[in-house]
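Examining the three-dimensional arrangement
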Amino acid sequence: MLGHYGWRVLKSPIFARVLFPFTMLALWLVSLDTIEKIWPFAIDVLPTPGEVGRFMWNELITETLARRNLYETFWISLRRLLTGFVIAMVVGTIIGLIMGLFRAANAFFHDWTMVLLAMPALAWALFNSLIFGFGDKGPIITVILAGIPFVIVNVREGVRNTPRELFDMARSYQVPRLKTTRHVLFPSLMPFMFAAARYCFSIGWKGLVIAEVFGGQDGAGWTIKFWYDAHRAHGVVGYAAFFVIFAILFERAVFEPISKRTFRWRPNLAGAEIVEEVFDEENTLEDFASVPSSEMIDDNE
Amino acid sequence: MATVTKNETQPTRVTEEELAKRARRKERFQTWFWRLLSYVVVLAIWEYCSGRVLEEALLPGPIRVVETFFDIWDKGKIPSAFQATLTRIGVGFGLSFFIGAFVGILMQSKWWAGFFKDAVLISLAAPGLIWVLITAIIFGNRAIGPTIAIILTTFALVTVNVSEGIKAIPKDLLGMSRAFHIGVVKRNRHIVIPHLAPYLFTGLRFGFSIAWKVTVLTEVFSSSKGIGFEMRISSQLFQMDEFLTWILLFFFFALFLEKVVLEAIEKRYFRWRQAVTAS
């Protein structure tokens, strides 16, 4: 009936990938129907796909009931995220370098990095909102605290993976310190810095929205809470979709091109712990395996 | 005479091994010294800041936190809160683990891998908060809400580890099973799953580290008992000492489970195949 070609299409993974959203949509519609019929008290509200779609469209054309439109909201959040991100990167790199270079510093900071790594962003979010009140400060500090341990861990790992021989050679040829740093330490640190940036960004984003829910008066987290408090289920679902789109878009539009440019000179990046092409077509799953990398810090004990 | 010379020469004749051991002992001593120093320094800074840099009501010091712990303990709130939270984690993450593992095993085939690719991608990229809010608004205070939120946040971590393990399955064994016409169930039961065990365990550990955080978050929004609920109440009442006590209490408990219990189990049962354990 279908013919050879038809079967080939049906069996291809790309078709399966396209099928997925439609399956979810069908599941959504079916559950909408069955739950209303069989089990009407099991849920409070279940938004329909139409409602969510209309809501998202209205947001996109900046027709919204919230205080600020979608673009302003995300711009506010992005600004906070970037501020926290830059501070976390700078401070984290310094601490990571010191930890990688000196054994004593490593012993000193190790356990506290672990504590930071495992502390839920919720704790920081609530704590900072109580201490700093509403405003920029609380969310930014949450981003820093959530992101910094990932930077520290990655940079430390990078310093440890710098080939010793190159340093020795630099010393025996009496290359000045600065030059060694520029030409030996930096290039071998780059992939780790990049991984650090990616972790820091995605963890920071997750922490930021929680912080904004509790301690913001604007921003993406605040706005989704706004729809939640207004009891607009379609608003919450729609805004959640924007969150996901934002995270993936940023990854694809910013980190991927930078990574391609920066590492063009390296034919093969085989570092097991380095997360390079997070959303790359082939390696998506493989790379994500190391995302919750509380592992890395333990390896060298 | 002989004994005397022996005693005299003994200290000078230090073997290489002895030297190495001594160096190691010195190193260990230094490590512990710096480690303990860091505890002292951080706790001292914390204690100093409370009441001086920030008001004590805002930042209670470590001593105050310990006192509060005994207060709460005397009130008998701790066991019931822990029970509520742990039950929720157990149910939610238990289901999530099986779903994640199942999806991971399905993803052996290219077709299913394509099908679930975006699901995994979204689950990993999305902040746990959105699932918490969505399920809270849909299900209200019913127990199913948090369960679904935990599943959606953590299943992908298990899936990712499982599919990582699947990539490392010895191809020759699979080829042999094909040559002998072994069925899908039997192949999965005898080759795939035993091979996957360490990866599943790593998935369990990673998943748990995220699961307990999401669980506490769900309790903040849609629950009337548990650690998250207590945290919300104390933060709304501005009782920072209770807030800090609750979060630290559960934090150390979860850290203990994650780092000590699960890692010990992993070391014990998968020592024989350390080489293939997923990192």
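Residues numbered from 1 in each chain as written. Chains lettered and ligands numbered in written order. Predicted model: local features only at pLDDT ≥ 70, side-chain atom pairs only at ≥ 80, totals over all residues.

Points about the overall build of chain B
For clarity, the cut-off: Per the convention used, a helix needs a DSSP run of H or I reaching at least four residues, while a strand needs a run of E reaching at least two, with both numbered from the N terminus. All radius of gyration figures rest on C-alpha atoms, and the globule criterion is 2.2 Å times the number of residues raised to 0.38. Our contact criterion uses C-beta atoms placed from the backbone: two residues qualify when those atoms are within 7 Å.
Looking only at helices and strands, chain B features 11 helices and 0 strands. Across chain B, helices and strands are ordered from the amino to the carboxyl terminus as α-α-α-α-α-α-α-α-α-α-α. Its C-alpha radius of gyration of 26 Å places chain B more than 25% over the 19 Å reference for a compact globule of 279 residues. Across chain B, the fraction of contacts at a sequence separation of at least 24, relative to all contacts at a separation of at least 6, is 75%.

Regarding the overall build of chain A
The condition that has to hold: With C-beta atoms placed from the backbone, the exposure class of a residue follows from how many other C-beta atoms lie within 10 Å of its own: 20 or more, buried; 12 or fewer, exposed; in between, partly exposed.
A tally of regular secondary structure across chain A gives 13 helices and 0 strands. Reading chain A from its N end, one meets helices and strands in the order α-α-α-α-α-α-α-α-α-α-α-α-α. Evaluated residue by residue, chain A yields a buried proportion of 40% over its 301 residues. For chain A, the proportion of contacts with a sequence separation of at least 24, taken over those separated by at least 6, is 72%.

A look at the environment of Asp 71 of chain B
Residues and elements named next belong to chain B. Within the secondary structure, Asp 71 is located in helix H3 (residues 62–75). Looking at Asp 71, the number of C-beta atoms within 10 Å reads 13, which means it is partly exposed. Separated by 79 residues in the primary sequence, Asp 71 and Ile 150 have C-alpha atoms spaced 31 Å apart.

Let's talk about helix H5 (residues 110–125) of chain B
Residue and element names in this part refer to chain B. This is how the line gets drawn: How far a helix is expected to stretch is found by multiplying one less than its residue total by 1.5 Å. What the bend at a residue measures is the angle between two axes, fitted to the seven residues ending there and to the seven starting there.
End to end, H5 covers 22 Å across 16 residues, agreeing with the expected 22 Å (1.5 Å per residue, within 8%). The largest bend along H5 reaches roughly 40° and is located at Phe 116. All of the buried residues in H5 are Ala 113, Phe 115, Phe 116, Val 120, Leu 121, Ser 123, Leu 124 and Ala 125.

Points about the interface of chain B and chain A
On the chain A side, the residues contacting the 56 residues of chain B number 51 residues. The set of elements that each furnish at least two residues to the side of chain B that touches chain A consists of helix H2 (16–49), H5, helix H6 (128–139), helix H7 (144–167), helix H9 (184–221), helix H10 (227–236) and helix H11 (240–269) of chain B. When residues in the side of chain B that touches chain A are grouped by element, the largest group, 14 residues, is from H5 of chain B.

Structural notes on the nonpolar core
Heads up, the rule is: Each nonpolar core consists of buried Ala, Val, Leu, Ile, Met, Phe, Trp, Tyr and Cys residues. Their C-beta atoms, within 7 Å, join them into a set.
If you look at the biggest cluster of nonpolar residues, it comprises 127 residues, and the most contacted ones within it are Cys 200 and Val 236 of chain A together with Leu 133 of chain B. In terms of residue count, helix H9 (residues 177–215) of chain A provides more of this core than any other element does, 17 residues in total. With residues near it in sequence (within four places) discarded, Leu 133 of chain B still touches Ile 224, Tyr 228, Val 236 and Ala 240 of chain A together with Phe 221 of chain B.

Brief notes about unusual backbone geometry
Residue and element names in this part refer to chain A. The phi torsion at Gln 174 lies on the positive side, around 55°, for a residue other than glycine. Topologically, Gln 174 is positioned in the loop between helix H8 (164–172) and H9. You can call Gln 174 exposed: it has 6 C-beta atoms within 10 Å.

Examining H7 of chain B
Taking 1.5 Å per residue as the helical rise, H7 of chain B with its 24 residues ought to reach 34 Å, and the 34 Å between its terminal C-alpha atoms agrees with that figure. The largest bend along H7 of chain B measures about 35° and falls at Thr 154 of chain B.

A look at the confidence of the model for chain B
Residue and element names in this part refer to chain B. Threshold: Known as pLDDT, the predictor's confidence for each residue is given on a scale from 0 to 100.
For chain B, per-residue confidence averages 83 on the pLDDT scale, and residues scoring 70 or more make up 92% of the total. Summarising per-element confidence for chain B, the mean pLDDT is lowest in helix H1 (residues 2–9) (50) and highest in helix H4 (residues 77–106) (90). The low-confidence segment residues 275–279, where pLDDT is below 50, has 14 contacts with residues more than four positions distant or belonging to other chains. Interface confidence in the predicted complex, given as ipTM, is 0.80; pTM for the same model is 0.81.

Some words on the packing of helix H7 (residues 137–161) of chain A against H9 of chain A
Axis angle and axis distance: for two packed helices, these are the angle between their axes and the distance between the axes, and together they describe the pair. All names here are of chain A. Heads up, the rule is: With axes taken as lines fitted to C-alpha atoms, and helix axes fitted only over the stretch in contact, angles between N-to-C directions fall between 0 and 180 degrees. Relative orientations are named as follows: roughly parallel for angles under 35 degrees, roughly antiparallel for angles over 145 degrees, roughly perpendicular for angles from 65 to 115 degrees, and oblique for any other angle. The sense of a crossing depends on the near helix, which, turned anticlockwise from the far helix by less than a right angle, makes the crossing left-handed and, turned clockwise, makes it right-handed. Gly counts as polar in this scheme, as do all residues outside two lists: the nonpolar Ala, Val, Leu, Ile, Met, Phe, Trp, Tyr, Cys and Pro, and the charged Asp, Glu, Lys and Arg.
Between H7 and H9, the shortest axis-to-axis distance is 7 Å and the interhelical angle comes to 160°. On the basis of the axis angle, H7 is roughly antiparallel to H9. H7 and H9 meet at a crossing whose hand is right-handed. In the contact of H7 with H9, the residues fall into 17 nonpolar, 10 polar and 2 charged.

Some points on the packing of helix H4 (residues 70–101) of chain A against H7 of chain A
All names here are of chain A. The interhelical angle for the contact between H4 and H7, taken along N-to-C directions, is 35°, at an axis separation of 6 Å. Read as a crossing pair, H4 and H7 show a hand that is right-handed. Tallied by class, the residues present in the contact of H4 with H7 amount to 19 nonpolar, 8 polar and 3 charged.

Structural notes on the confidence of the model for chain A
Residue and element names in this part refer to chain A. Scored by pLDDT, chain A comes out at a mean of 79, with 85% of its residues at no less than 70. Across chain A, the element-wise mean pLDDT spans from 36 in helix H12 (residues 284–288) up to 91 in H4. Within the model, pLDDT remains below 50 along residues 268–301, and this stretch shows 60 contacts once partners closer than five positions in the same chain are excluded.

Quick word on the environment of Thr 87 of chain B
Inspection of the secondary structure puts Thr 87 of chain B in helix H4. C-alpha separation for the pair Thr 87 of chain B and Ala 211 of chain B, spaced 124 residues apart in sequence, amounts to 12 Å.

With respect to the environment of Tyr 71 of chain A
All names here are of chain A. Relative to the elements of secondary structure, Tyr 71 occurs in helix H4. Since 11 C-beta atoms lie within 10 Å of it, Tyr 71 is described here as exposed. The sequence separation of Tyr 71 and Leu 60 amounts to 11 residues, and the corresponding C-alpha distance is 8.2 Å.

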